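The primary structure of each chain is shown beneath.
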Amino acid sequence: MNALKFITCGSVDDGKSTLIGRLLVDSRSVLQDQLASVTSAGAHGAEDEVDLASLTDGLSAEREQGITIDVAWRYFSTQARKFIIGDSPGHEQYTRNMVTAASGADAAVVLVDATKLDWRDPQLKLLPQTRRHSLLVHLLRVPTIVVAINKLDAVEDPALAFAHIRAQLEGFAAEAGIPLKAVVPISALKGYNVVTAADGWAGYQGPSLLDLLEHLPNTVAETELPFSFAVQWVEKFSSSSDTSQGRRVFWGRVATGGVQVGQTVRVLQGPQGLGQTATVAQVLDHTRQPHAVLAGHSAGIVLDRELDVSRGDWLLAAGEAAPAADDFDDTPVASPIPVTRELTATVAWLDNEALVPGRVYWALHGHRWVKAKVRRIVHQVNIETLAETDAEQLPPNAIGVVELLLQEPIAALPYTRSRGLGALVLVDTASHATAGAVMLR
């Protein structure tokens, strides 16, 4: 299997950094000098103490405050698999960092701190940030979601606490439509059920967290959809004397479908929308070897003739031409991927200023920047009750549904069908701060 890219998320101080530190130490992926730098001598002859969280919290501000601010990526491997871990922050004000990490993840491990909950109460309330992060990873189409209930070694009755918390988590997930792969009781500090299964501990009979991660699937490439390709860079070799094809290579990553020689494509560019049609004359992979390339992989595309294509433009699959009504019918060949300026979308609002209708933002789609105006807010999602409520604005870290009007058309599919074509990022035009993560409906 390919390397699994997963993130840890959840509320503040739930033990996300400690969990990753435990995975690194117990899988022997930490060098001795690194381990020594985070180990302090125990008091009165006690065993030396290892500050596991310090293995991932690399910023000086993180070490001083004991929190995670930015996403820290770490790498480790076992005999069964390689892993890429993203340690995302739990504070509300850093939700944008967590969203960035989750948008490209194969799996998410949501941590829950048992000591912060009234675990004796069967009707206990989950923390708001636990609910928010669970909703976000689901909205971002992270394929697999695992919940790890941490710090059960610090409660009087681990089995009772695990049963009550697990019941509330599964009830919330069922109500929100979030598919949970598993709920695992762990102690990141002691190592219970992290790398090695603690059989019967907390009333749990099942694999350890690492065992689960070793067998999770990777994100499936969107190869079944029509071809789409965002141009990232244009390479010119105009000195070539070959005029039988275009003399520029368009480099980027295939977003959906696949591309091969002889395929007909259409160019989507600027305010004019779908433009000219061309045939693919050559396809290069990331090592410049000529062969077909599927979604999720980088490619260089040479067309059969010179066209004005720049960074930010899209190459899209061309649909079949309708039969001509007469000899003068020049109806252009359409694309099977819809092209539109009007969008309805779910938005996770990340800016410090509230989202209000009428404001204009920069929207990033692929490598293209277009102006986007917020027409209206359809509703806001209450993360406590999951109810859809009317709203005149969306406050920071809220989740809602909005209508957008773009200055230029884009190739759009619902986010449930395509992560690449269904995602936008809104950016404040004045501060250039990331304002919202948008998932098209």
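Bear in mind that the values here come from a model prediction, so they are computed numbers and not experimental data.

## Some thoughts on the environment of Gly104
1) Next: Mapped onto the elements, Gly104 comes out in the loop between α4 (95-102) and β6 (107-113).
2) Next: The exposure class assigned to Gly104 is partly exposed, which follows from its relative accessible area of 34%.
3) Next: For the pair Gly104 and Ile7, spaced 97 residues apart in the sequence, the C-alpha separation amounts to 9.6 Å.
4) Next: Apart from the residues within four sequence positions on either side, Gly104 is in contact with Lys5 and Arg419.

## Some remarks on the pairing of strand β5 (residues 82-87)
1) Next: Pairing of strand β1 (residues 4-10) with β5 involves five bridges; the strand directions are parallel. By the bridge assignment, Thr8 is partnered in β5 with Asp87.
2) Next: Inspection of the sheet shows strand β4 (residues 72-77) paired to β5 by six bridges, in the antiparallel sense. Looking at β5, one finds that Trp73 is bridged to Gly86.
3) Next: The hairpin turn running from β4 into β5, its antiparallel successor, is four residues long.

## Here we look at α4
1) Next: Across the eight residues of α4, six count as buried, placing the element largely inside the fold.
2) Next: Among the residues of α4, Thr95, Asn97, Met98, Val99, Ala101 and Ala102 are the ones counted as buried.
3) Next: Packing partners of the buried residues in α4 comprise β1, β4, α5 (128-139) and β23 (434-440).

## So, the pairing of strand β21 (residues 399-411)
1) Next: For β21, the buried fraction is high: ten of the 13 residues fall into the buried class.
2) Next: As defined by bridge partners, strand β17 (residues 339-349) adjoins β21 across nine bridges and the pair is classed as antiparallel. Within β21, the position partnered with Glu342 by the bridge is Leu405.
3) Next: Where strand β19 (residues 368-381) lies against β21, eight bridges are found, and the strand directions are antiparallel. In the sheet register, Val381 faces β21, and the bridge partner there is Ile399.

## Re the nonpolar core
1) Next: Phe6, Ile7, Val137, Ile149, Leu152 and Ile165 are the most contacted members of the largest nonpolar core, which has 72 residues in total.
2) Next: Among the elements that line this core, the one with the most residues is helix α6 (residues 158-176), at seven residues.
3) Next: The next biggest cluster of nonpolar side chains, apart from the first, holds 24 residues, and it includes Leu343, Ala372, Ala398 and Leu426.

## Brief notes about the sheet that holds β1
1) Next: Here we have six strands laid out as an open sheet, ordered β4-β5-β1-β6-β7-β8, and mixed in their pairing. Only two strands of the sheet have a single partner each, and these edge strands are β4 and β8 (182-185). Neighbour to neighbour, the strand axes of the sheet diverge by 25° on average, direction disregarded.

## Remarks on the confidence of the model for the protein chain
1) Next: Per-chain confidence: the protein chain averages 82 in pLDDT, with 83% of residues scoring 70 or above.
2) Next: By mean pLDDT, the top-scoring element of the protein chain is strand β18 (residues 360-365) (93), and the lowest-scoring one is helix α3 (residues 60-65) (45).
3) Next: A low-confidence stretch, residues 59-65 (pLDDT under 50), is modelled with eleven contacts involving residues beyond four sequence positions or located in other chains.

## Focus on unusual backbone geometry
1) Next: Although it is not a glycine, Asn397 sits at a positive phi angle of roughly 70°.
2) Next: Relative to the assigned elements, Asn397 resides in the loop between β20 (388-389) and β21.

## Describing the pattern of salt bridges
1) Next: Throughout the structure, instances matching the rule amount to twelve salt bridges.
2) Next: Between Arg141 and Glu222 there is a salt bridge whose closest N-O contact spans 3.6 Å. Of the two residues, Arg141 is situated in the loop between α5 and β7 (144-150) and Glu222 in the loop between α7 (209-214) and β9 (228-236); the sequence distance between them amounts to 81 residues.
3) Next: Assessed through its relative accessible area of 28%, Arg141 is described here as partly exposed.
4) Next: In this structure, the salt-bridge partner of Arg368 is Asp313, at a minimum N-O distance of 3.9 Å. Note that Arg368 is positioned in strand β19 and Asp313 in the loop between β15 (298-303) and β16 (314-317), a separation of 55 residues in sequence.

## So, the packing of aromatic side chains
1) Next: In the structure shown here, the tally under the stated rule is six aromatic pairs.
2) Next: Their ring planes at 65° and their centres at 5.0 Å tell us that Tyr192 and Trp201 sit as a pair that is edge-to-face.
3) Next: Look at Tyr192 and you get partly exposed, because its relative accessible area is 33%.
4) Next: With a relative accessible area of 18%, Trp201 lands in the buried category.
5) Next: Joined through ring pairs, the aromatic side chains of Phe6, Phe76 and Phe83 make up one cluster.
6) Next: Over the ring of Trp362 we find Lys371; its NZ or CZ atom is 4.8 Å from the centre of that ring.

Rules of the game
Residues numbered from 1 in each chain as written. Predicted model: local features only at pLDDT ≥ 70, side-chain atom pairs only at ≥ 80, totals over all residues. Heavy atoms only, no water. Helix = DSSP H or I, 4+ residues; strand = E, 2+ residues; numbered from the N terminus. Buried < 20%, exposed > 50% of the residue type's maximum accessible area, 1.4 Å probe, protein only. Contact = heavy atoms within 4.5 Å. Pairing = 2+ DSSP bridges. Core = buried A, V, L, I, M, F, W, Y, C linked by side-chain atoms within 4.5 Å. Axes fitted to C-alpha atoms, helices over the stretch in contact; angles between N-to-C directions. pLDDT = per-residue confidence, 0-100. Salt bridge = Lys/Arg side-chain N within 4 Å of Asp/Glu carboxyl O. Phe/Tyr/Trp six-rings, centres within 6.5 Å; stacked < 30°, edge-to-face > 60°. Lys NZ or Arg CZ within 6 Å of the ring centre and 35° of its normal.

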